[in-house]
Number of protein chains: 2
Amino acid sequence: MRNNTLGSLIWLRLVRFTNLSNQLSNDFLKQFNITTAQFDVLMQIHVYQPLTQMELAEKVTVTQGGISRMVSRLEKEGYIVRKQDWKTKTISLTEKGEAILDEAMPAQLAFQTSFFEDVLNEEETKTLYRLMTRVHKHSQKKELPSE
Amino acid sequence: MRNNTLGSLIWLRLVRFTNLSNQLSNDFLKQFNITTAQFDVLMQIHVYQPLTQMELAEKVTVTQGGISRMVSRLEKEGYIVRKQDWKTKTISLTEKGEAILDEAMPAQLAFQTSFFEDVLNEEETKTLYRLMTRVHKHSQKKELPSE
DNA sequence: ATAATTAACTTGATTAGTCAAGTGATGTCC
DNA sequence: GGACATCACTTGACTAATCAAGTTAATTAT
């Protein structure tokens, strides 16, 4: 029995790479006392604030329940606040949240970039971005349209 | 403040795609009563059995502790056995484990492949594989050589 | 106004993982 | 042969997520 196809090999590479780079990133972000998942969420809030929990969940591809817990943790740590803006509850960063992002963002961007710029040239990097964008967008269409 | 680079955009695409495809895969594998992580581990055991827990951990990029828990779950479900082959404890699939793989493997391979073949041509698929292989291998060098 | 519906969010049980400290058998040194 | 070291594995405390059931509050319908 065949136990792979080109597609399955790509899938495995993607999964293993994402896994590994996530671990390395967690390690890297330890200096800021923050995890990769937390950085990701804070970053989305930074860009789109103020926003609701639902919107945030969608941005980071996590369920309602998942975002509820994550937001609680971040609130407990004092990075974000939830406030009731007449009828809609919205999330935004606190001073502390903005401050940690100010510090961590340039470092984290450089860190993420280093996974590619050391091995691919400009042309190849663009190609990878183009291909992954198409693959990602296609996978979003596979989601059962939640009616 | 700039909040992205080409590298960080690729990284985000990879993370989001991996996340989403993992969720879709979990959904897909529900018909076999198994998760994506479990399929991955069973697959590695199938290919490399008999092997030790350490070896398995390395194959799936998980820590000792993580693999210990995963292996316990799979043993409880009756998919694998741990036996003491004079001095070394090794893991292999049971009948039940082999059976579930027989059933699930072709389906799962087709499923994984569908993420790419619907949207990339032969040439592009090969390019994506080549680029991701290089990126992945490079990231493995970043791991602190555990001395 | 009261009841029913819906939307946004929370929570309990579970899977999956991390790290770091602990256990247990084997091997080695004196 | 007893102390020590080492290797493979386990376990407790935690982060992070899922699903599904439950809660809460606003909107609509009678």
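Owing to the predicted nature of the structure, the values given are computational and were not obtained by experimental measurement.

Scoring rules and cut-offs
- Residues numbered from 1 in each chain as written.
- Chains lettered and ligands numbered in written order.
- Predicted model: local features only at pLDDT ≥ 70, side-chain atom pairs only at ≥ 80, totals over all residues.
- Heavy atoms only, no water.
- Helix = DSSP H or I, 4+ residues; strand = E, 2+ residues; numbered from the N terminus.
- Contact = heavy atoms within 4.5 Å.
- Areas by Shrake-Rupley, 256 points an atom, 1.4 Å probe, with all protein chains shown as cover.
- Salt bridge = Lys/Arg side-chain N within 4 Å of Asp/Glu carboxyl O.
- Near = heavy atom within 4 Å.
- Polar contact = N/O pair within 3.5 Å; in protein donor to acceptor, adjacent residues only side chain to side chain.
- Nonpolar A, V, L, I, M, F, W, Y, C, P; charged D, E, K, R; others polar.
- Least-squares fit on C-alpha atoms with pLDDT ≥ 70 in both.
- Core = buried A, V, L, I, M, F, W, Y, C linked by side-chain atoms within 4.5 Å.
- Buried < 20%, exposed > 50% of the residue type's maximum accessible area, 1.4 Å probe, protein only.

(A) Quick peek at the overall build of chain A. Along its length, chain A carries six helices and two strands. Summarising its shape, the C-alpha atoms of chain A cover approximately 55 × 40 × 30 Å along the three principal directions. Put simply, 50% of the contacts in chain A that link residues at least 6 apart link residues at least 24 apart. Surface exposure of chain A reaches about 8,000 Å², of which carbon and sulfur atoms provide 51%.

(B) Quick peek at the pattern of salt bridges. In this structure the tally under the stated criterion is 10 salt bridges over all chains. Lys-30 of chain A is the partner of Asp-27 of chain A in a salt bridge, and the nearest nitrogen-oxygen pair spans 3.9 Å.

(C) Main features of the protein's contact with DNA strand C. The environment of DNA strand C is made up of 20 residues, and the closest members are Ser-68, Arg-69 and Arg-82 of chain A together with Thr-35 and Thr-63 of chain B. In DNA strand C, atoms within 4 Å of the protein come 64% from sugar and phosphate. Side-chain polar atom of Arg-69 of chain A to a base nitrogen of DNA strand C: 2.7 Å apart, as the coordinates give it. Contacts to DNA strand C include Gln-38 of chain B, whose side-chain N or O atom sits 2.9 Å from a phosphate oxygen. Among the elements that take part in the surface near DNA strand C, helix H4 (residues 64-76) of chain B stands out by supplying five residues, more than any other. Taken together, the residues that form the surface near DNA strand C break down as four nonpolar, 10 polar and six charged.

(D) Highlighting the protein's contact with DNA strand D. In the vicinity of DNA strand D, 21 residues are found, and the nearest of them are Thr-35 and Thr-63 of chain A together with Ser-68, Arg-69 and Arg-82 of chain B. Each atom of DNA strand D within 4 Å of the protein belongs either to a base or to sugar and phosphate, the latter forming 64%. A distance of 2.9 Å separates a phosphate oxygen of DNA strand D from a polar atom in the side chain of Gln-53 of chain B. Those elements that provide at least two residues to the surface near DNA strand D are helix H2 (36-48) and helix H4 (64-76) of chain A together with helix H3 (53-59) and H4 of chain B. Of the residues assigned to the surface near DNA strand D, the class counts are four nonpolar, 11 polar and six charged.

(E) View of the relation of the copies chain A and chain B. The two copies are related by a screw operation: chain A maps onto chain B through 180 degrees of rotation and 0.0 Å of translation along the axis, at an RMSD of 0.0 Å. Look at the turn and shift together and you get a two-fold axis relating the two. When you check the interface residues of chain A against chain B, 100% turn up at the interface there too, and the contact is symmetric in its surfaces.

(F) Main features of the nonpolar core. Counting 30 residues, the largest nonpolar core has Leu-14, Phe-116 and Leu-128 of chain A together with Leu-14, Phe-116 and Leu-128 of chain B as the members making the most contacts within it. For this core, the elements supplying multiple residues, two or more each, are helix H1 (6-29), helix H5 (95-117) and helix H6 (122-142) of chain A together with helix H1 (6-29), helix H5 (95-117) and helix H6 (122-142) of chain B.

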